[in-house]
There are 2 protein chains.
Amino acid sequence: MVETGSTSEVLAFKPVPGVRLGATSAGIKYSNRNDLVIIELAEGGSCAAVFTQNAFCAAPVTVAREHLSTAMPRYLLINSGNANAGTGEPGLRAARESCKALAATRGCPINQVLPFSTGVIGELLPVEKIAVAVPDALTALTEQGWATAARAIMTTDTVPKITSRQIELSGKTVTITGMAKGSGMIRPDMATMLAYIATDALVDKHLLQLCLERAVQPSFNSITVDGDTSTNDACVLMASGVSESPPITDAHSESFATFCAAVESVCMELARAIVLDGEGATKLVEVLVQGAESESEARDVGYTIAHSPLVKTALFASDPNWGRILAAVGRAGLENLEIDQIKIWLDDVCIVRAGGRADDYTEAAGQRVMSQDALTIRVDLGRGMSEARILTCDLSYDYVKINAEYRT
Amino acid sequence: MVETGSTSEVLAFKPVPGVRLGATSAGIKYSNRNDLVIIELAEGGSCAAVFTQNAFCAAPVTVAREHLSTAMPRYLLINSGNANAGTGEPGLRAARESCKALAATRGCPINQVLPFSTGVIGELLPVEKIAVAVPDALTALTEQGWATAARAIMTTDTVPKITSRQIELSGKTVTITGMAKGSGMIRPDMATMLAYIATDALVDKHLLQLCLERAVQPSFNSITVDGDTSTNDACVLMASGVSESPPITDAHSESFATFCAAVESVCMELARAIVLDGEGATKLVEVLVQGAESESEARDVGYTIAHSPLVKTALFASDPNWGRILAAVGRAGLENLEIDQIKIWLDDVCIVRAGGRADDYTEAAGQRVMSQDALTIRVDLGRGMSEARILTCDLSYDYVKINAEYRT
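Residues numbered from 1 in each chain as written. Chains lettered and ligands numbered in written order. Predicted model: local features only at pLDDT ≥ 70, side-chain atom pairs only at ≥ 80, totals over all residues.

Peer 1: Please set out the overall build of chain A residue by residue, giving values where relevant.
Peer 2: Along chain A, the regular secondary structure elements total 11 helices and 17 strands. By the compact-globule yardstick of 22 Å for 408 residues, chain A fits well, its C-alpha radius of gyration being 22 Å. Expressed as lengths along the three principal axes of its C-alpha atoms, the size of chain A is roughly 70 × 55 × 35 Å. Look at the contacts in chain A between residues 6 or more apart in sequence, and 81% of them connect residues 24 or more apart. (Helix = DSSP H or I, 4+ residues; strand = E, 2+ residues; numbered from the N terminus. Rg over C-alpha atoms; globule rule 2.2 N^0.38 Å. Contact = placed C-beta atoms within 7 Å.)

Structure representation (structure tokens):
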């Protein structure tokens, strides 16, 4: 697998044959920036998607699910600045009307258009502005459109997030490129806040869905900024099928395994980029919980640490206040937890052993790790073989500032 | 029931006959302030207690539980500045040695002393300093000692918290006075961060425990500042029995009901005072969840709202960003939640109805409520008869500041 591109080199993406992107300014909320994106998938391509598990899912999520169940999508219609969530029946109508405006222009059935929205919750989507802007976005369609599109879907994000991989399948090069947005209200559950991944491989639609569901688990479903699951989370994997590589139709084939590994790698990098760009984040923190009885309990402990405001503020302060980590492990709700079996490390520095501070621990050693921009909190529960990794960030003044000022 | 005293009028407490308190400075962590408190219960009195459910419970919690199971306490020994948590076997020894210093001075068995600690986690308790200071604290014992003691047990608290009630039982006046400390790491689970309540009533020890367990549920067990359950939570109810009122020995008697109501009222006021003094708090927020299938699911929804950093920062900004409340309800994990049955209010202003913004809602009306110092977020799930109330506060710059700077 050749890794190309990263979030800091946004221009280094590889275009995906058979997938075109166009962006324009519809003036939905922001001025002087693009806020409307259309992604076009070549005829004969396939598309898989996962969505938020939030019971208050947004109108576009409901409509996208409906459309996906009855047709293979040709277009994704994405706006930023307005989430069209908590908008009831009028919101559903607005989502459908937006799709209709695009479908009418292209002469395709309305259910071949999937709508996506991100932004403020509770305000009705201005359909008119979108309908007026659709032709401009269509005119702008190009396989080179990823960077422009990645910027247009941003809300509180400070950087666009794109990455690419190229793999060889039967001697043919296949490209996988993905983009994502997300910075706050980040604790995805079965999907994340708007991620779009495309490939020119030809993949059976059931395998495409299987690949996506596997890939989101260790990536988007293992990150948290603030524990708040969005109403609009969606992750889409499109396959145009225009590459000359042989079709992927066997779940046990080497080509499917290679393809899945590349998609997962794209998802992992985008998920990491979302946490790195977490609202107010100054540190990237991996919480690795090992020695658990089940993956589920490992994730419970990992999220309890990752969501603890006290752990997060200590991380912000670069303070090796390990008692807060220990207290979080203790309140994670595990039955019959034997605290003298538990060990905790900051990177390679053991801070807790046998229920108390490790004998050889020094504040200086803890301080050294905590001062880093990236670190791993590792917990060994000492009661099983399962583990889980959660990616998170710290809690800073700027998180409060961004979320106290957003919308006002 | 006569209500006397409040947290803002700290001197208005009523002393409890048969209960004396003394405070002194042991120099454990702070300088120029008291940090050691002894509470003495008259011979023949009884004592009930509940403790943290955090698996990493502190050494004094373990020792206090042991002592309670084998003897009726005569003395509580409380220090601030050091939590003696995460200290392993040496921490247990330190807690026992502290008790021994007091027991030796008074000539009582060591298991008649209960230890309590609050402060930084992970540092060994300086037993020598405590042993040296015990005689001073004993000399200071007085029934008038509540205000001094309430100040001595504070850590990041900005105000001492005391309240009193007096009730008539068979024509005799009985007093109930309580004090508490707590400001951060507040999401008590079966108890809270150090609360001490005393009465001169004569109460059967089993009824005293029953009374306490009932009283902590709607009070200390229904508040949250930051969702972090402390390792040292403890709540003690002492009855000296020196009043002339008849003994309370029947769980179905009117006198027990009257007594329980007064104890619950003391707990409610102290719990409210803890949230009001929550780290960085600028607003007191009641989250009332109604129409739930069970109290448990009502509490789940209430805590999801009360812990959401996005809801808490919107509260800090006085921004009626109700979409964040709606998103929190949606991610609370309720099965088969029908969103068009849900209604949400800010005080008397209905903001959400039928899954979307209420038709008659105006930003001005929402803004008016959000600008208040205290408000109620009320959610009606429309699927049952159960309800729960959670008290919480907002998330401000100062929460981050206090917790980024504490210890450093």
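The discussion continues.
Peer 1: An account of the sheet that holds strand β16 (residues 386-393) of chain B is needed here, citing residue identities and associated values.
Peer 2: All names here are of chain B. Pairing within the open sheet is mixed, and its 6 strands lie in the order β14-β13-β12-β15-β11-β16. For this open sheet the edge positions go to β14 (356-357) and β16, each flanked by a neighbour on one side alone. Helix α6 (residues 254-276) contacts β11 (284-292) and β16 of the sheet and is inclined by roughly 45° relative to β16. (Pairing = 2+ DSSP bridges. Axes fitted to C-alpha atoms, helices over the stretch in contact; angles between N-to-C directions.)

Peer 1: I'd love a proper account of the relation of the copies chain A and chain B, names of residues and values included.
Peer 2: At an RMSD of 0.0 Å, chain A and chain B line up after a rotation of 180° and a shift of 0.0 Å along the axis. These values place the two chain copies in the arrangement generated by a two-fold rotation axis. Of every C-alpha in chain A, the one belonging to Y397 of chain A sits nearest the axis of rotation, 2.8 Å from it. When the interface residues of chain A are mapped onto chain B, 100% of them again lie at the interface, so the same face is used by both copies. (Least-squares fit on C-alpha atoms with pLDDT ≥ 70 in both.)

Peer 1: Describe in detail the domain arrangement of chain A, supporting the description with residues and values.
Peer 2: All names here are of chain A. Splitting chain A by domain gives domain 1 (2-276) and domain 2 (284-405). The C-alpha centroid of domain 2 is placed 33 Å from the C-alpha centroid of domain 1. In this complex, domain 1 contributes 11 residues to the contact, which on the side of domain 2 involves 11 residues. At the level of secondary structure, the elements contributing two or more residues to the side of domain 1 that touches domain 2 comprise β10 (223-224) and α6 (254-276). The biggest single contributor to the side of domain 1 that touches domain 2 is α6, with 4 residues. Considered class by class, the residues forming the side of domain 1 that touches domain 2 number 5 nonpolar, 5 polar and 1 charged. (Domains from an automatic or database assignment. Nonpolar A, V, L, I, M, F, W, Y, C, P; charged D, E, K, R; others polar.)

Peer 1: Mind laying out the nonpolar core, listing which residues take part and the relevant values?
Peer 2: Side chains of a nonpolar character, in soluble globular proteins, are inclined to be buried together. Counting 285 residues, the largest nonpolar core has V37 of chain A together with V37 of chain B as its most contacted members. If we ignore the near neighbours within four places in the chain, the residues touching V37 of chain B are L21, A23, I78, A137, A149, A152 and I153 of chain B. (Core = buried A, V, L, I, M, F, W, Y, C linked by C-beta atoms within 7 Å. Buried ≥ 20, exposed ≤ 12 C-beta atoms within 10 Å, placed from the backbone.)

Peer 1: Can you tell me about helix α3 (residues 127-139) of chain A, naming the residues and giving the values?
Peer 2: Residues and elements named next belong to chain A. The end-to-end C-alpha separation of α3 is 19 Å, in line with the 18 Å expected for 13 residues at 1.5 Å each. The principal kink in α3, of about 35°, is found at A133, preceding the proline P135 by one to four residues. Restricting attention to buried positions, one finds in α3 the residues I130, A133, V134 and A137. Those residues of α3 that are buried lie in contact with β2 (19-24), β3 (36-41), β5 (75-82) and α2 (88-106). (Expected span 1.5 Å × (residues − 1). Bend = angle between axes of the 7 residues up to and from the residue.)

Peer 1: Account for the interface of chain A and chain B, naming residues and giving values.
Peer 2: Taken together, the 51 residues of chain A in the interface contact 51 residues of chain B. Elements that contribute at least two residues to the side of chain A that touches chain B include exactly α2, α8 (309-316), α9 (322-330), β15 (356-357) and α11 (397-405) of chain A. With 7 residues, α9 of chain A is the single largest residue contributor to the side of chain A that touches chain B. Within the side of chain A that touches chain B, the residues separate by chemical class into 24 nonpolar, 20 polar and 7 charged.

Peer 1: An account of unusual backbone geometry is needed here, citing residue identities and associated values.
Peer 2: Positive phi, normally seen in glycine, also occurs at N336 of chain A, with a value near 55°. Position of N336 of chain A relative to the elements: it lies in the loop between α9 and β13 (343-346). When the 7 C-beta atoms within 10 Å are taken as the criterion, N336 of chain A is described as exposed. Of note in the backbone geometry, D347 of chain B takes a positive phi value of approximately 50° without being a glycine.

Peer 1: Please set out the sheet that holds strand β16 (residues 374-380) of chain A residue by residue, giving values where relevant.
Peer 2: Residues and elements named next belong to chain A. Reading across from one edge, β10-β17-β12-β16-β13-β14-β15 is the order of the 7 strands in this open sheet, with mixed pairing throughout. A single partner strand is all that each edge strand has here, and the edge strands are β10 and β15. Bridging between strand β14 (residues 349-353) and β15 involves 2 bridges; their strand directions are antiparallel. If you follow V352 over to β15, its bridge partner there is R357. Along the sheet face, α6 touches β10, β12 (284-292) and β17 (386-393) and points at about 45° away from the line of β17.

Peer 1: If you had to explain the packing of helix α5 (residues 205-216) of chain B against α6 of chain B to someone new, which residues and values would you point to?
Peer 2: All names here are of chain B. Across the interface, α5 lies against α6 with an axial gap of 9 Å and an inter-helix angle of 45°. Accordingly, the angle class assigned to the pair α5 and α6 is oblique. Like other packed secondary-structure pairs, α5 and α6 cross with a definite hand, here right-handed. Contact residues: α5 offers L207, C211, R214, A215 and V216, while α6 offers F256, F259, C260, V263, E264 and C267. Among the residues making up the contact of α5 with α6, the classes are represented as 9 nonpolar, no polar and 2 charged. (Parallel < 35°, antiparallel > 145°, perpendicular 65-115°, else oblique. Left-handed = near helix turned anticlockwise from the far one by under 90°.)

Peer 1: An account of α11 of chain A is requested, with residue identities and associated values reported.
Peer 2: Restricting attention to buried positions, one finds in α11 of chain A the residues Y399, V400, N403 and A404 of chain A. Buried residues of α11 of chain A, viewed axially, fall in a sector of 115°; they line one side. Against α8 (309-316) and α11 (397-405) of chain B lie the buried residues of α11 of chain A. (Arc of directions from axis to C-beta.)

Peer 1: Describe in detail the packing of α8 of chain B against helix α9 (residues 322-330) of chain B, supporting the description with residues and values.
Peer 2: All names here are of chain B. Direction vectors running N to C along α8 and α9 enclose 155°, while the axes themselves pass 9 Å from each other. Relative to α9, the element α8 lies roughly antiparallel. The interaxial crossing formed by α8 with α9 has left-handed handedness. Facing L310, V311 and A314 of α8, the residues of α9 in contact are R324, I325 and A328. In terms of residue class, the contact of α8 with α9 is made up of 5 nonpolar, no polar and 1 charged.

Peer 1: I'd like a rundown of the environment of Q341 of chain B, residues and numbers included.
Peer 2: By the secondary structure assignment, Q341 of chain B is in the loop between α9 and β12 (343-346). Classification of Q341 of chain B by C-beta neighbours within 10 Å gives partly exposed; the count is 14.

Peer 1: A description of the pairing of strand β9 (residues 195-199) of chain B should follow, citing residues and the corresponding values.
Peer 2: All names here are of chain B. Here β9 lies mainly inside the structure; 5 of its 5 residues are buried. Here strand β8 (residues 172-180) runs beside β9; their pairing, made up of 5 bridges, is antiparallel. The partner of T177 across the bridge, within β9, is A198. Taken together, the 5 bridges between β9 and strand β10 (residues 234-239) define a ladder with parallel strand orientation. Within β10, the position partnered with T199 by the bridge is A239. Handedness of the β9-α5-β10 crossover: right-handed. (Right-handed = clockwise from strand over helix to strand, strands pointing away.)

Peer 1: Please give an account of the environment of A94 of chain B that cites residues and values.
Peer 2: All names here are of chain B. Mapped onto the elements, A94 comes out in helix α2 (residues 88-106). As a C-alpha pair, A94 and L68 span 26 residues in sequence and 18 Å in three-dimensional space. In contact with A94, other than residues within four places in its own chain, are A59, N84, L124, L125 and V127.

Peer 1: Give me the lowdown on the environment of T231 of chain A, citing residues and values where you can.
Peer 2: Here T231 of chain A shows up in the loop between β10 and β11 (234-239). Residues T231 of chain A and L141 of chain A, spaced 90 residues apart in sequence, show a C-alpha to C-alpha distance of 28 Å. Those residues within four positions of T231 of chain A in sequence are excluded, and the remaining contacts are T52, N54, F56, C57, A58, A83, A85 and I121 of chain A together with A327 and G330 of chain B.

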